[in-house]
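A look at the structure
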Amino acid sequence: MTVIPTAAAPIAPPAPAPAPASPAYLWRNGDLVPWGEANVHASTLGWSTMAAVFEGIKAYRNPLTGDQWGWQFAEHYARFAQSMRLQRMRPEFTPAQLAQASLDLLRANGHAGDTYVRPLAWLSDVSWFTDGLDSRTSIVIITEPFRSHLQSGRAVKTCVSSWIRVGDNQLSPRVKCISNYQNSRLALIEAKQNGFDQPILLNLEGKVTEGPAACLFMVRDGTMVTPSLTSGVLESITRTALIRLGREELGLQVQEREIDRTELYVADELFFCGTGAEMMPIGSIDHFTVGDGGIGPLTRRLEQVFHDVVRGIHPGYADWRTLVRKA
Ligand SMILES: Cc1ncc(COP(=O)(O)O)c(C=O)c1O
């Protein structure tokens, strides 16, 4: 069938960016599908992804042995299942099957270095606004190499956003739903246009929540403090890991509680954390310098431990890692 041109003349498009190399396969609903054949029909774009939920998962390479380790697959797929449940989706795959699918895909694609694993679930029979209750749930998983920023030495410039974090009775931050990221996106645009790197959002009560795609920790008087899970934050897997590592490896007190905005201004150290953010030290907040503006001493120590644990250099916490490939 030929395409019939119409009279509408498109505005000249900008020169396309060079396409990144694609992996050989993605995983879709139980199969490894060649990358170039994994199409969906254009008419399903839009509404089908309104309820979509996703995960960001990583596999890290141990630079000493060359082995590659999947990081907290079980925790991520448990949260993926929770997000699907909260969207009233009916997935055909269990968290364990999806974790195995991720291993199969990583091995088939042959990425040996640091690699992102990105699962996405969406309502594949939806083409317009509907409750979506009758729709099938489709799941894809893709893999992509990434460059780790751990121990980059960089501290970011942050601000408190004028955008309010979505609340549990609006679009719950507990659900890793694509639509929630419109809130984060607006905050990020505002921050960047005002000369900052990242925003920190408050909730409707004016308490600190999180960044666009990362949770937040503050250090005050040697205690690590992070907003409680009922403050309006994602139930971050990195946050939970760092609470444990802070207690067990650094011997610190860790509090999960409400945080006031002005506590950020008098904090000794601040950092974001998350799968994408890893650990991202904060050098200033609303033009208040945090510590000496660089990486705080406890942040630096915790980052070293986190780095060693995710890469399997530190032998402990073995149940957080899954061996993807031996060197
Ligand atoms: C909104 C939001 N908060 C926090 C995080 C951190 O969560 P996790 O540590 O599970 O990656 C993320 C994702 O990385 C996120 O998108």
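All of the points below concern the structure found in this document. (Residues numbered from 1 in each chain as written. Predicted model: local features only at pLDDT ≥ 70, side-chain atom pairs only at ≥ 80, totals over all residues. Heavy atoms only, no water.)

1. Thoughts on the site of the ligand
In the vicinity of the ligand there are 16 residues, among which Arg 79, Tyr 181, Ser 236, Thr 238 and Thr 275 approach most closely. Contacts to the ligand include Glu 210, whose side-chain N or O atom sits 2.7 Å from a nitrogen atom. Separating an oxygen atom of the ligand from a side-chain N or O atom of Ser 236 is a distance of 2.7 Å. Taking 380 Å² as the accessible area of the ligand by itself, protein coverage stands at 96%. With respect to the pocket detection grid, the ligand is positioned in the largest pocket. Those elements giving two or more residues to the shell around the ligand turn out to be helix H4 (237-248) and strand E13 (269-274). For the shell around the ligand, the residue count by class is eight nonpolar, four polar and four charged. (Near = heavy atom within 4 Å. Polar contact = N/O pair within 3.5 Å; in protein donor to acceptor, adjacent residues only side chain to side chain. Areas by Shrake-Rupley, 256 points an atom, 1.4 Å probe, with all protein chains shown as cover. 1 Å grid on protein atoms, 1.4 Å probe; cavity = no way out; pocket = protein on both sides within 12 Å on 5 of 7 lines; lining within 4 Å. Sits in = over half its atoms within 2 Å of the grid points. Helix = DSSP H or I, 4+ residues; strand = E, 2+ residues; numbered from the N terminus. Nonpolar A, V, L, I, M, F, W, Y, C, P; charged D, E, K, R; others polar.)

2. Digging into unusual backbone geometry
The phi dihedral of Gln 72 is positive, around 55°, even though this residue is not glycine. Looking at where Gln 72 falls in the secondary structure, it is placed in the loop between strand E5 (68-71) and helix H1 (73-86). Exposure remark for Gln 72: the relative accessible area of 3% places this residue in the buried category. Unusually for a residue other than glycine, Glu 278 sits at a positive phi of about 55°. As for its placement among the helices and strands, Glu 278 is situated in strand E14 (residues 278-285). (Buried < 20%, exposed > 50% of the residue type's maximum accessible area, 1.4 Å probe, protein only.)

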